[in-house]
Amino acid sequence: MSAARTEDRTAGAEDRTVRVALLGCGTVGSQVVRLLREHADDLAARSGARLDLVGIAVRDTAADREPWVPRKLLSDDAQGLVRRADVVIELVGGIEPARTLVLAALGAGASVVTGNKALLAAHGPELHAAAEASGADLYYEAAVAGAVPVVYALRESMAGDNVTAVLGIVNGTTNFILDEMATRGLGFDEALALAQELGYAEADPTADVDGHDAAAKAAILASLAFHTRVGIDDVPVAGIRSVTAQDMAEARDAGYVIKLLAVARRVGDDGARGISVRVHPALLPATHPLAAVRGAFNAVVVESEAAGRLMFYGQGAGGAPTASAVMGDVVAAAAHRVGGGNAPRESVYAQLPLLAPEQTPARTQVQLLLADQPGTLAAVAGIYGANGVSIESVRQSRPAEGESQARITIVSHEANEAALARTVEQLAEEPRVREVLSVMRVEGE
């Protein structure tokens, strides 16, 4: 683009300035600074005002930074920066001091852009109420899936539709680990060590591999999709530590892949009985769109009454991709400061009941070691039938090395989770069942 055309586009923005404060300058924050500086003219043209970075709050002003981060803007006075800003970008993470700083910004009328899923999942209603009271914007695209614009889609693009289900791979670390286990035959510990070596997993991977990070994102997605407040404590969670290389091989032989999924569904024939939200490893048919999501990428499938099935896919983490999502929100917030308007407010009019796991339907795959004697399979089938659970398929696989019993995989039709749980309990008590090897949900069919 020529200099003349750039001047034409930014001329109206020269007399207007939106003051931006950045809280946190780690991997994502440093990329936000780069984008603000490198694309200043374009950002001014798009928002209608110059975005003036007035300061960067950090814990240690003497620490090494990327060369494009101006040291003169570094400050350890986050509260002071908040008071000077029109738009506050919160990338500190965690609950405190992030909550206090965000509430202070909103209370002062500054718009807030945050990527803090833990804060939103734990204190979302409080933050939304503060934004509404002051007339400020609260944006959080980067909180769920990095560069993947699923928050915008649910909050704005699909506001005229009725969402029926959201199914997502929203944690890149666990997807990388499971992908390595599936494609290279690694065990969980080996795949985790590789993820840590490559920088995909933290030294303490608990939040990722135990599903807590995904649960926070599931709460946000469910709140948006179903216009009902869902907090992280409302989301039952199971992580991936128990998934084995043998599970991966069995899944592949049966035409499935295993993914850690965030699942939110509207349950009930009339579409209004309640919603189910959970995070767990699950079997997906190899033909399902999410089955092809590899490495550390994220993807979310949204199903709705009018639009049908939509898929959002992209990089779910990393400095530049996440900064892209942050800057999209910054431009929107700045444009509202200049031209008027607001981000969508919290929409919780539906207030659908949150259903306990035992109230919801599910399909499961159960792997068993059985005594190799007449009547064993009939006894197993009888337990399923006594609990009202219909069997979809039964498959016998080659025994693992050292196993003399029959290894059987049973996939159920959809049934109430309470009935499925009773079935597994009774299978474990049946003398001819040597061991219940694994129980895993089946999704996507």
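(A) Inspection of the pattern of salt bridges at higher detail. Considering all chains together, one arrives at 21 salt bridges under this definition. Taking the shortest distance from any N to any O, the salt bridge between Lys-117 and Asp-213 comes out at 3.1 Å. Of the two residues, Lys-117 sits in helix α6 (residues 117-134) while Asp-213 sits in helix α12 (residues 212-226), which places them 96 residues apart along the sequence. For Lys-117, a relative accessible area of 27% corresponds to the partly exposed category. Residue Asp-213 is classed as buried on the basis of its relative accessible area of 9%. Residue Lys-217 is joined to Asp-213 by a salt bridge in which the shortest nitrogen-to-oxygen separation is 2.9 Å. With Lys-217 and Asp-213 both in helix α12 and four residues apart, this pair spans about one turn of that helix. For the pair shown, Lys-217 and Asp-213 are each scored as buried. Salt bridges sharing common partners tie together Arg-19, Asp-86 and Arg-337.

(B) Representation of the packing of helix α5 (residues 98-107) against α6 in the model. Between α5 and α6, the least distance of the axes is 9 Å, while the angle of their chain directions is 15 degrees. The orientation of α5 relative to α6 falls into the category roughly parallel. Every pair of crossing elements has a handedness; the one defined by α5 and α6 is right-handed. Within the contact between the two elements, α5 uses Ala-98, Arg-99, Val-102, Leu-103 and Leu-106 and α6 uses Leu-119, His-123, Glu-126, Leu-127, Ala-130, Ala-131 and Ser-134.

(C) Representation of the nonpolar core within the structure. By size, the foremost hydrophobic cluster in this structure holds 82 residues, and its most contacted members are Val-88, Leu-154 and Ile-177. No other element matches α12, which puts 11 residues into this core. Here Val-88 is in contact with Ala-21, Leu-23, Val-82, Ala-105, Ala-110, Ser-111, Val-112 and Val-113, once residues within four sequence places are set aside. Counting residues in hydrophobic clusters, the runner-up holds 32 residues, among them Cys-25, Val-32, Ala-325 and Val-326.

(D) Just the environment of Pro-67, in detail. By the secondary structure assignment, Pro-67 is in the loop between β2 (50-57) and β3 (74-75). On the basis of relative accessible area, Pro-67 is assigned to the exposed category, the value being 75%. In sequence terms Pro-67 and Arg-34 are 33 residues apart; their C-alpha atoms lie 9.6 Å from each other.

(E) Up close: the layout of surface pockets. The space that makes up the second largest pocket amounts to roughly 430 Å³. Contributing to the lining of the second largest pocket are 25 residues, with Ala-165, Arg-265, Glu-414, Glu-443 and Glu-445 lying nearest its centre. Among the elements of the structure, β7 (163-169), β8 (256-267), β9 (274-285), β10 (297-304), β12 (361-370) and β16 (433-442) are those that each provide at least two residues to the lining of the second largest pocket. It is β7 that provides the largest number of residues to the lining of the second largest pocket, a total of four residues. When its residues are assigned to classes, the lining of the second largest pocket shows eight nonpolar, seven polar and 10 charged.

What counts and what doesn't
Residues numbered from 1 in each chain as written. Predicted model: local features only at pLDDT ≥ 70, side-chain atom pairs only at ≥ 80, totals over all residues. Heavy atoms only, no water. Salt bridge = Lys/Arg side-chain N within 4 Å of Asp/Glu carboxyl O. Helix = DSSP H or I, 4+ residues; strand = E, 2+ residues; numbered from the N terminus. Buried < 20%, exposed > 50% of the residue type's maximum accessible area, 1.4 Å probe, protein only. Axes fitted to C-alpha atoms, helices over the stretch in contact; angles between N-to-C directions. Parallel < 35°, antiparallel > 145°, perpendicular 65-115°, else oblique. Left-handed = near helix turned anticlockwise from the far one by under 90°. Contact = heavy atoms within 4.5 Å. Core = buried A, V, L, I, M, F, W, Y, C linked by side-chain atoms within 4.5 Å. 1 Å grid on protein atoms, 1.4 Å probe; cavity = no way out; pocket = protein on both sides within 12 Å on 5 of 7 lines; lining within 4 Å. Points joined across faces, edges and corners; volume = space filled by probe spheres on them. Nonpolar A, V, L, I, M, F, W, Y, C, P; charged D, E, K, R; others polar.

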